[in-house]
Structure formats: C-alpha cells, structure tokens
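Inside the fold
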Amino acid sequence: MRYIRYAFLAAIAIVLITLALANRDFVTLNLLPSELAGLVGIGYSVTLPLFVVIFGAIVGGLLIGFFWEWMRESKHRAAARDNKLAKDRLAREVSKLKTDKAKSEGDEVLALLEN
C-alpha cells in the first residue's frame, strides 16, 4: 500500500510540475477594474506567473471548503460533546448507586469489588 501511495504522489508531482512549466507566462492581477480603480482611487495590481495564480486559487478554494465544513459540522461536534458529558454523568450515577446498594446490604466486600 505504501508503494501505491508513493506512485500516486509521484504522479501528482509530475502533473503539477508539468502544469507549472506550461504556464510560466506572467499575468497581471488587478484589485479593481481600471475604470473603477480610477473612480475610487485604489489601483493595486500585482504581476505573477500564471501557475502561481492557479495553485493559489486551488489552495484558497481548499481552505474555504475546509472552513465551510468545519462551521457546518459544529452542531455535530456540540451534540457529541453533550452526549459524552451525559454518558460520564450517568456512569458516575451508576457507580454511586452500586456503592450505595452494597453499603445498604451491609456487605463491604461486595462494595469494594463493585468498584
């Protein structure tokens, strides 16, 4: 299984390197369209190789997706936390009831064994 993983990672690396080599031309990214930038007075632009823009968009999309899923699953994490607290509370209650029952019967050996 380890060799399959290495082969898969090598294939991905070859594809990414090929993509980077094929898209080495520089592109200019503008914060705003030129007409709006002239109107507002903010005209920020940066020139980067195209593969950096592509990889940056992929990484940005992954981060947005991870954050979105983390927020969406918060209700499930909260329910799991509540269930764990309820389970712990019930386990303590059962342990206390077993101890009380053994003490009320007067058998201290059973009370010790039940714990």
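Nothing here was measured: the structure is a model prediction, and the numbers come from that model.

1. Observations concerning the overall build of the protein chain
For the protein chain, the count of helices and strands is 5 helices and 2 strands. Along the protein chain, helices (α) and strands (β) appear in the sequence α-β-α-β-α-α-α when read from the amino end. Each of the 115 residues in the protein chain was classed as buried or not, and the buried ones make up 6%. Across the protein chain, the fraction of contacts at a sequence separation of at least 24, relative to all contacts at a separation of at least 6, is 37%. If you sum the accessible surface of the protein chain, you get close to 10,000 Å²; carbon and sulfur atoms cover 68% of it.

2. Thoughts on the packing of aromatic side chains
For the structure shown, the criterion picks out 2 aromatic pairs. With 6.1 Å between their ring centres and 70° between their planes, Phe 51 and Phe 55 make a pair best called edge-to-face. Note that Phe 51 and Phe 55 are positioned in helix H3 (residues 50–72) at a spacing of 4 residues, about one turn of the helix. With 6.1 Å between their ring centres and 35° between their planes, Phe 67 and Trp 70 make a pair best called tilted. One end of the pair is Phe 67 and the other is Trp 70, both in helix H3 and 3 residues apart, which spans about a single turn. For Phe 67, a relative accessible area of 51% translates into the label exposed.

3. Digging into the pattern of salt bridges
Using the criterion set out here, one finds 4 salt bridges in the structure. When the shortest N-O distance is used, the salt bridge between Arg 72 and Glu 73 registers 3.8 Å. Among the residues examined, Arg 72 registers a relative accessible area of 43% and is labelled partly exposed. Here Lys 84 ties to Asp 88 by a salt bridge, and the two come within 3.1 Å at their closest N and O atoms.

4. Notes on the packing of helix H1 (residues 2–22) against H3
Where H1 contacts H3, the axes come no closer than 7 Å and their chain directions differ by 135°. Overall, the two elements H1 and H3 adopt an arrangement that is oblique. Across the interface between the two elements, Leu 16, Leu 19 and Ala 20 from H1 touch Phe 51, Ile 54 and Phe 55 from H3. Here the residues of the contact of H1 with H3 sort into 6 nonpolar, no polar and no charged.

5. Focus on the confidence of the model for the protein chain
In the predicted model, the protein chain carries a mean pLDDT of 88, and 88% of its residues have values of at least 70. Mean pLDDT per element in the protein chain: helix H5 (residues 108–114) is the minimum at 62, and H3 is the maximum at 95.

Parameters at a glance
- Residues numbered from 1 in each chain as written.
- Predicted model: local features only at pLDDT ≥ 70, side-chain atom pairs only at ≥ 80, totals over all residues.
- Heavy atoms only, no water.
- Helix = DSSP H or I, 4+ residues; strand = E, 2+ residues; numbered from the N terminus.
- Buried < 20%, exposed > 50% of the residue type's maximum accessible area, 1.4 Å probe, protein only.
- Contact = heavy atoms within 4.5 Å.
- Areas by Shrake-Rupley, 256 points an atom, 1.4 Å probe, with all protein chains shown as cover.
- Phe/Tyr/Trp six-rings, centres within 6.5 Å; stacked < 30°, edge-to-face > 60°.
- Salt bridge = Lys/Arg side-chain N within 4 Å of Asp/Glu carboxyl O.
- Axes fitted to C-alpha atoms, helices over the stretch in contact; angles between N-to-C directions.
- Parallel < 35°, antiparallel > 145°, perpendicular 65-115°, else oblique.
- Nonpolar A, V, L, I, M, F, W, Y, C, P; charged D, E, K, R; others polar.
- pLDDT = per-residue confidence, 0-100.

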